[in-house]
Amino acid sequence: MPPKKIVTIIGARPQFIKASVVSAALAASDRLTEIVVHTGQHFDANMSDVFFAELGMAPPAYHCDIHGGGHGEMTGRMLTAIEQVLSTEKPDAVMVYGDTNSTLAGALAAIKLHVPVAHVEAGMRSFNMASPEEINRILTDRVARWLFTPNEGAGAHLRREGMAPDHIHMVGDVMFDVALHHGARVGPHDGTLGKLTREHGVQPGAYCLATIHRAENTDNPARLGAIVEALIHVAKDLPVVLPLHPRTRGVLAQQGKLQALAQAVVLLEPLAYLAMVQLEKHAAVIATDSGGVQKEAFFYRVPCVTLRDETEWTELVDAGWNRLAPPVDAASVRKSLFDSLGSTGAAIAPYGDGDATSRIVQQLSSDLN
Ligand code: UDP
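By convention here, each chain's residues receive numbers from 1 onward along its written sequence. With the structure being a predicted model, the display of local features is reserved for residues of pLDDT at least 70 and the display and counting of side-chain atom pairs for 80 or more, all residues being used for whole-chain, interface and lining totals. Side-chain numbers here rest on the full set of heavy atoms in the structure, without hydrogens or water.

A. View of the overall build of the protein chain. Only runs of H or I of at least four residues qualify as helices and only runs of E of at least two qualify as strands under DSSP, and these elements are numbered from the N terminus. A count of helices and strands for the protein chain gives 17 helices and 13 strands. The size measure is the radius of gyration over C-alpha atoms, and the globule rule it meets is 2.2 Å times the number of residues to the 0.38 power. Taken over the C-alpha trace, the protein chain has a radius of gyration of 20 Å; the compact-globule value for 369 residues is 21 Å, and the two agree within 12%. Overall size of the protein chain, expressed as C-alpha extent along the three principal axes, is 65 × 45 × 40 Å. Classification of the 369 residues of the protein chain by burial places 57% in the buried group. When a residue's accessible area, from a 1.4 Å probe over protein chains only, is under 20% of the maximum for its type it is buried; when over 50% it is exposed; and in between it is partly exposed.

B. Inspection of the layout of surface pockets at higher detail. Looking at the second largest pocket, its volume works out to about 330 Å³. Taken together, 19 residues line the second largest pocket, and the ones lying closest to its centre are Ser20, Ser23, Ala24, Gly56 and Met57. Those elements giving two or more residues to the lining of the second largest pocket turn out to be helix H1 (13–28), strand S2 (32–38) and helix H7 (174–183). Of the residues forming the lining of the second largest pocket, the biggest block, 6 residues, is contributed by H1. For the lining of the second largest pocket, the per-class residue count stands at 12 nonpolar, 5 polar and 2 charged. Cavities and pockets are defined on a 1 Å grid built over the protein atoms alone: a cavity is a set of grid points where a 1.4 Å probe fits but cannot escape, while a pocket is an open set with protein on both sides within 12 Å along at least five of seven lines, and lining residues are those with an atom within 4 Å of any such point. Grid points are joined across faces, edges and corners, and a volume is the space filled by probe spheres set on the points. Residues are grouped as follows: Ala, Val, Leu, Ile, Met, Phe, Trp, Tyr, Cys and Pro are nonpolar; Asp, Glu, Lys and Arg are charged; every other residue, Gly included, is polar.

C. Focus on unusual backbone geometry. A positive phi angle, near 80°, is found at Glu121, a position not held by glycine. Residue placement: Glu121 occurs in the loop between strand S5 (117–120) and helix H5 (132–143).

D. Up close: the site of the ligand. If a single non-hydrogen atom of a residue is within 4 Å of a molecule or strand, that residue counts as near it. By nearness alone, 18 residues border the ligand, and Leu271, Ser290, Gly291, Gly292 and Glu296 come closest of all. Polar contact is the term for a pair of N or O atoms within 3.5 Å; when the atoms are in protein, one must be able to donate a hydrogen and the other to accept it, and sequence-neighboring residues count only if both atoms are side-chain atoms. In the model, an oxygen atom of the ligand is placed 2.7 Å from a nitrogen or oxygen of the Ser290 side chain. When the ligand is considered free in solution it has 540 Å² of accessible area, and contact with the protein chains removes 96% of it. When residues of the shell around the ligand are traced back to their parent elements, those giving at least two are H1, helix H13 (273–281) and helix H14 (291–299). Here the shell around the ligand gets 4 residues from one element, more than from any other, and that element is H14. By residue class, the composition of the shell around the ligand is 10 nonpolar, 4 polar and 4 charged. For accessible areas, the Shrake-Rupley method is used with a probe of radius 1.4 Å. Any residue's cover is judged against the shown protein chains and nothing else.

E. Quick peek at the nonpolar core. For our purposes a nonpolar core is just a set of buried Ala, Val, Leu, Ile, Met, Phe, Trp, Tyr and Cys residues, chained together by side-chain atoms within 4.5 Å. Of all hydrophobic cores here, the largest spans 64 residues; its most connected members are Met95, Val241, Leu279 and Leu364. Contact definition: two residues touch when any of their heavy atoms are within 4.5 Å. The contacts of Leu279, once residues within four sequence positions are left out, are Thr192, Leu193, Leu196, Tyr207, Leu209, Val241, Leu268 and Leu271. In this structure, Cys208, Ala235, Val285 and Leu307 belong to the second largest nonpolar core, which totals 27 residues.

F. Spotlight on the sheet that holds S5. Reading across from one edge, S3-S2-S1-S4-S5-S6-S7 is the order of the 7 strands in this open sheet, with parallel pairing throughout. Bordering the open sheet on either side are strand S3 (62–63) and strand S7 (168–170), each of which pairs with just one other strand. Axis lines are fitted to C-alpha atoms, over the contacting stretch for helices. Their N-to-C directions set the angle, which ranges from 0 to 180 degrees. In the packing of helix H4 (residues 101–112) onto the sheet, contacts are made with strand S1 (4–10), strand S4 (93–97) and S5, and the angle to S4 comes to roughly 165°. Note on pairing: two strands pair once DSSP finds at least 2 bridges between them.

G. How the structure looks around the packing of aromatic side chains. Centres within 6.5 Å are what make two rings of Phe, Tyr or Trp a pair, Trp counting through its six-membered ring; a difference in plane orientation under 30 degrees is then read as stacked, over 60 as edge-to-face, and the rest as tilted. What the rule picks out here adds up to 8 aromatic pairs. When the centroid spacing of 5.9 Å and the interplanar angle of 90° are considered together, the rings of Phe299 and Tyr351 count as edge-to-face. Taken together, the positions of Phe299 in helix H14 and Tyr351 in the loop between helix H16 (330–340) and helix H17 (356–368) put the pair 52 residues apart, joining distant regions of the chain. The two residues Phe299 and Tyr351 agree in class, both being buried. Each member of the aromatic cluster is reached from another via a ring pair, and the members are Phe176, Phe298, Phe299, Trp313, Trp321 and Tyr351. Remark: a charge is flagged as sitting over a ring if the NZ atom of Lys or the CZ atom of Arg is within 6 Å of the ring centre and within 35 degrees of the ring normal. Cation over ring: Arg301 sits above Phe298, and NZ or CZ is 4.3 Å from the ring centre. Its guanidinium or amino end placed over the ring of Trp321, Arg301 lies 5.4 Å from that ring's centre, counting from NZ or CZ.

H. View of the pairing of S4. Of all 5 residues in S4, 5 are buried; the element is thus mostly enclosed. Of the pairings in the sheet, the one linking S1 to S4 comprises 4 bridges and is parallel in character. By the bridge assignment, Ile9 is partnered in S4 with Val96. For the segment spanning S4, H4 and S5, crossover handedness is right-handed. Seen with its strands pointing away from the viewer, a crossover is right-handed when the path leading from the first strand over the helix to the second is clockwise.

I. Structural detail: the packing of helix H10 (residues 221–234) against H16. Contact pair H10 / H16: the axes reach a minimum separation of 8 Å and the direction vectors enclose 50°. Relative to H16, the element H10 is oriented oblique. The hand of the H10/H16 crossing is right-handed. Residue-level inspection shows Ala226, Glu229, Ala230, Leu231, His233 and Val234 of H10 in contact with H16, the latter providing Ala330, Val333, Arg334, Leu337 and Phe338. Under this scheme an angle from 65 to 115 degrees is roughly perpendicular, one under 35 degrees roughly parallel, and one over 145 degrees roughly antiparallel; angles in between are oblique. Left-handed describes a crossing in which the near helix is turned anticlockwise from the far one by less than a right angle; the clockwise case is right-handed.

J. Summary view of the sheet that holds strand S8 (residues 208–211). Across the sheet, 6 strands lie side by side as S10-S9-S8-S11-S12-S13; this open sheet has parallel pairing. The open sheet has two edge strands, strand S10 (266–268) and strand S13 (322–324), and neither has a second partner. Across the sheet, the mean angle from the axis of one strand to that of its neighbour is 20°, orientation sign disregarded. As paired elements, S8 and strand S9 (residues 240–243) share 2 bridges and run parallel to each other. Its bridge partner being in S9, Leu209 is matched across the sheet by Val241. This element, H13, spans S8, S9, S10 and strand S11 (285–288) of the sheet and lies at about 135° to S8.

So, in structure tokens, the structure goes:
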């Protein structure tokens, strides 16, 4: 029998990272074959190409080159482009990851053509319907045939929403697989951190690593202002390293805040994955609004302060590894960062056994063949 065909839709940085391990497993399978479609949502070389190169992924078979515009426009254009690819390729299943517009467009295009959808990182909920990610997650889960969940809480959300129990597969988190695979590869003294030590005196174990990119922060001048002010204050006592997402850089430049920030903290371009892992692993504390970075902080047992009102990764907050610091004022964010220094959390293992990838490939393989 010829192998069954999976079309994978990816478009954003965290999806390249998650897909890298699954794509490698699919390439090794003789019962499944994969065609990768890059929507173009993230297109800068350091937000896209670098991950394909570093994580050993083949270039995508299709590149739709769609980015920018409003959410509706972007999602709509992706829907059109993906529909064309699916009509040509006639896959047996479509695989989507996480919670971006590329995820939703891939799921919708597939289900309208009656192609079953596999959703990796299904069932996550922040219960904030004002966030584009929450809308994308809920709608994608609703149409998916395979709901591959990263933790027990995600499965509980899906069951509560009435999803068929036999569609829910608790496989664990593919990001944990990636972290196990790559985390061991980085030490404290060479590469990006070595350069930061030499050029800026940033010492392993003695800096705050920050990332900011969520619309709820970048599109709200008061919240973004509070984060910037807090980081500038923190940097007086603890070096702050901030690899800046292009969207955040654009907004800060527009608001005239970039210069003051650059004088206080070490501003970097977005980092390749291994450089990011190195900085995460050796940070004293991580301040972030990223979903993936919250988990990676835990994988490397670094305290995390989440610059949001809520998080979908609640188990890390409950266990004490992560604390929420809604960026409503600079003083409270600064306090959370200093309070979390040196803190640890309970011994938990919520993200599976590091074999999410092979479980996903096995399930698809047996259901499709
Ligand atoms: N990341 C990276 N370089 C950076 C910032 C983040 O490689 O400069 C990685 C990070 O380690 C994590 C993923 O990107 O694996 C998280 O992506 P992002 O924060 O863009 O999205 P989210 O997880 O919030 O969906």
